[in-house]
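Reading the structure
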Amino acid sequence: MIKSLWTAATGMSAQSLNMDVIAHNLANAQTTGFKKSRANFEDLIYQTIVPPGAETSTDTKTASGIQVGTGVKAVSVQKLFSQGNFVQTENPLDLAIEGKGFFKVLRGTEEVYTRSGSFKLDADGYLCDAEGNRLQPEVSIPREAVTITIDAGGKLTALDQNGTALVTQTITIYDFPNPGGLISVGKNYFKPSDASGEAVEGTPGTDGLGTLLQGFLENSNVNVVEEMVNMIAGQRAYEANSKIIKTVDEMLHIANNVKA
Amino acid sequence: MRIGSYAAALGSIEQGKRLEVISNNLANASTPGFKREEVRFTDFIYEETYSQMTQGSVKTTSNPLDVALVGDGYFKVQTKEGIFYTRAGNFTLNASGQLSLPNGALVLSKKNLPIKLESENVTIDEKGRIMENGNEVDQLAVVQFDPSVKMEKRGFNLFKPSQEDAKEQEANTTIVKQGSLEEANFNIVEEMTRMIDTMRAFEAYQKTFQTLHEEDRQLIRRTVTR
């Protein structure tokens, strides 16, 4: 019975983690390029008190034995890379990836990846993200450029006022064997991990990579209604686990009062 | 002390154990593919636990690597400790692109081999056939056991048949549903009711114990004063 206290405690801490994940998703319901997460749970090891098939007498055997579980644990918080909605911005340097892939930017000396494509130009004319970190490989736009077009395959063309091409360059994107294993480092950035595998460079629209969409941004893939439903379910489960603790407490109280 | 006192004590111990089982169920309210445990009292001094294998409700997640089983059967997974079976279909890809459970166990195909995928963007049909860009690349193993085979829980969402020689067979009638997860197969309210029932039964045993104790006391008192 005392074990129930600890079992219920694992349930409460699991639901509390679940709520943390939901809160973070909801907080980022409007963040460009944000990918929602989900807590994955699994049951803890079982204590086998009587193994199934143990002999109960000379000619009978237990059909199922006694197995008592010890609770739940969070096994991972998985990022779900489903496509977010597109928002039209008409800003020529806003890019959305339709399908798989990430932009690579250089943050200090570290390469990080992002789905957020709200680019602009820095003081030296290089394409950079909202944080001022340059897109990799670097793309430089000359000052004389008037129009910039980027096609679905990532081909960037900067034209001057006479319509002559000043620069043509391809924006490459990157993909991972398991994007769910990427590490979120905040500010919409992801870092590869042992679970995600190495980044693979590619041209948009080839090898299963997504295509680029100029003048659009990818919104967060959080579905507010879905998160609300998960929140209600999580709250109820939390409550139920807390009731177990209360019940054990009452039962122990009863047991202590047997001798009046 | 009379035999009744021991019976009451045993009764409360059993109810305590039942509460442990209920608390484990409730702790796993958000565990995909979890099957609730139930305690069965076959006669007064003998109890056993078993997993109730009824279908859990299926929740739509729209995640391409979430699959739910509708009907009898299990997915087959390979861990370091050997082959296990699971109803939890919250699959993911590992660093080498193999389909696996969040805990790293590799999901096996019909040919008993790990499944390697190019990306998450796959279609999985009702038979568990995995299609990448319209081409069938592999098929998930979905197996079942004879109803007489008892499944033992190993934790980590894994099951194993309790008989070593249990033969698995293809679950032909079971439907694989992509973009969905099977939830734990109990509802919280029902489980709470069982919890209250357990507590009241426990209380009743304690009252029995107290009553017997009180009877003994009065008996002793009367014998002495006579």
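Up top is the structure these notes are about.
Residues numbered from 1 in each chain as written. Chains lettered and ligands numbered in written order. Predicted model: local features only at pLDDT ≥ 70, side-chain atom pairs only at ≥ 80, totals over all residues. Heavy atoms only, no water.

Further remarks concern the overall build of chain A. Counting its secondary structure elements, chain A contains two helices and 20 strands. Taking 2.2 N^0.38 as the reference for a compact globule, 260 residues should give roughly 18 Å; the C-alpha atoms of chain A span a radius of gyration of 27 Å, well beyond that estimate. If you line up chain A on its principal axes, its C-alpha atoms span 100 × 40 × 30 Å. Per-residue burial for chain A yields a buried fraction of 46% across its 260 residues. If you take every contact in chain A between residues at least 6 apart in sequence, the share linking residues at least 24 apart comes to 63%. Working note: accessible area of chain A is about 12200 Å², and carbon and sulfur atoms make up 53% of it. In chain A, the 21 positive side-chain charges and the 29 negative ones have mean positions that sit 7 Å from each other. (Helix = DSSP H or I, 4+ residues; strand = E, 2+ residues; numbered from the N terminus. Rg over C-alpha atoms; globule rule 2.2 N^0.38 Å. Buried < 20%, exposed > 50% of the residue type's maximum accessible area, 1.4 Å probe, protein only. Contact = heavy atoms within 4.5 Å. Areas by Shrake-Rupley, 256 points an atom, 1.4 Å probe, with all protein chains shown as cover. Lys, Arg positive; Asp, Glu negative; His and termini not counted. Charge placed at Lys NZ, Arg CZ, Asp CG, Glu CD.)

The next subject is the interface of chain B and chain A. Opposite the 59 residues of chain B that make contact, chain A presents 60 residues. Contact between chain B and chain A buries roughly 4800 Å² in total, counting both sides, with carbon and sulfur atoms accounting for 58%. Among the residues chain B hides against chain A, the three largest losses belong to B:Glu20, B:Phe156 and B:Met199. Together they make up 12% of the total. Along the contact surface separating chain B from chain A lie two salt bridges. We note a salt bridge from B:Asp66 to A:Arg38, for which the minimum N-O separation is 2.5 Å. At the junction of chain B and chain A, the tally comes to 20 residue pairs in polar contact (both at pLDDT 80 or more). (Buried area = accessible area lost by both parts, 1.4 Å probe. Salt bridge = Lys/Arg side-chain N within 4 Å of Asp/Glu carboxyl O. Polar contact = N/O pair within 3.5 Å; in protein donor to acceptor, adjacent residues only side chain to side chain.)

Moving on, we get to the packing of helix H1 (residues 3–27) of chain B against helix H2 (residues 188–225) of chain B. Residues and elements named next belong to chain B. Look at H1 against H2: their axes get within 9 Å of each other, and the N-to-C directions meet at 165°. With respect to each other, H1 and H2 are oriented roughly antiparallel. Relative to H2, H1 is oriented so that their crossing is left-handed. Considering only residue class, the contact of H1 with H2 consists of twelve nonpolar, nine polar and four charged. (Axes fitted to C-alpha atoms, helices over the stretch in contact; angles between N-to-C directions. Parallel < 35°, antiparallel > 145°, perpendicular 65-115°, else oblique. Left-handed = near helix turned anticlockwise from the far one by under 90°. Nonpolar A, V, L, I, M, F, W, Y, C, P; charged D, E, K, R; others polar.)

Bringing unusual backbone geometry into the picture now. Across the junction of A:Gln136 and A:Pro137, the peptide omega takes the value -15°, indicating a cis bond. Turning to its location among the elements, A:Pro137 is positioned in the loop between strand E11 (135–136) and strand E12 (147–150). Residues other than glycine seldom take positive phi values, yet A:Asp207 does so here, at roughly 50°. In this structure, A:Asp207 sits in the loop between strand E18 (200–202) and strand E19 (211–214). Owing to a relative accessible area of 73%, A:Asp207 belongs among the exposed residues under this scheme. Even without being glycine, B:Asn133 reaches a positive phi, approximately 50°. You can see B:Asn133 is positioned in the loop between strand E11 (129–132) and strand E12 (135–139).

On to the packing of aromatic side chains, then. Enumeration over the complete set of coordinates arrives at 13 aromatic pairs over all chains. Ring centres of A:Phe103 and A:Phe119 lie 5.0 Å apart, and the angle between their planes is 90°; this geometry places the pair in the edge-to-face category. One end of the pair, A:Phe103, is in strand E7 (residues 103–107); the other, A:Phe119, is in the loop between strand E8 (110–114) and strand E9 (120–121), with 16 residues separating them in the sequence. Residues A:Phe103 and A:Phe119 agree in their burial class; the two are buried. Taking the centre distance of 6.3 Å and the plane angle of 70° together, the rings of B:Tyr74 and B:Tyr85 count as edge-to-face. Taken together, the residues B:Tyr74 in strand E5 (residues 74–79) and B:Tyr85 in strand E6 (residues 82–86) connect sequence positions eleven residues apart. For B:Tyr85, a relative accessible area of 8% puts it in the buried group. Among the aromatic side chains, those forming a connected cluster through ring pairs are A:Phe81, A:Phe102, A:Tyr113, A:Tyr174, A:Phe176 and A:Phe190. We note B:Arg40 situated over the ring of B:Tyr50; from NZ or CZ to the ring centre the distance is 4.4 Å. (Phe/Tyr/Trp six-rings, centres within 6.5 Å; stacked < 30°, edge-to-face > 60°. Lys NZ or Arg CZ within 6 Å of the ring centre and 35° of its normal.)

This next bit is on the sheet that holds E11(B). All names here are of chain B. Spatially, three strands are ordered E10-E11-E12 in an open sheet, and the strand pairing comes out antiparallel. The sheet terminates laterally at strand E10 (123–124) and E12, the two strands that pair on one side only. Where E10 meets E11, two bridges bridge the pair, whose relative direction is antiparallel. Opposite Thr123, over in E11, you have Met131 as the bridge partner. (Pairing = 2+ DSSP bridges.)

What follows concerns the environment of A:Asp43. With respect to the helices and strands, the residue A:Asp43 is situated in strand E1 (residues 37–43). With 31 residues separating them in the primary sequence, A:Asp43 and A:Ala74 have C-alpha atoms 8.8 Å apart. What A:Asp43 contacts, discounting residues up to four positions off in sequence, is A:Gly71, A:Val72, B:Asn28, B:Thr31, B:Phe34, B:Lys153, B:Gly155, B:Phe156 and B:Asn157. Looking at A:Asp43, its side chain comes within polar contact range of the side chain of A:Tyr46, at 3.0 Å.

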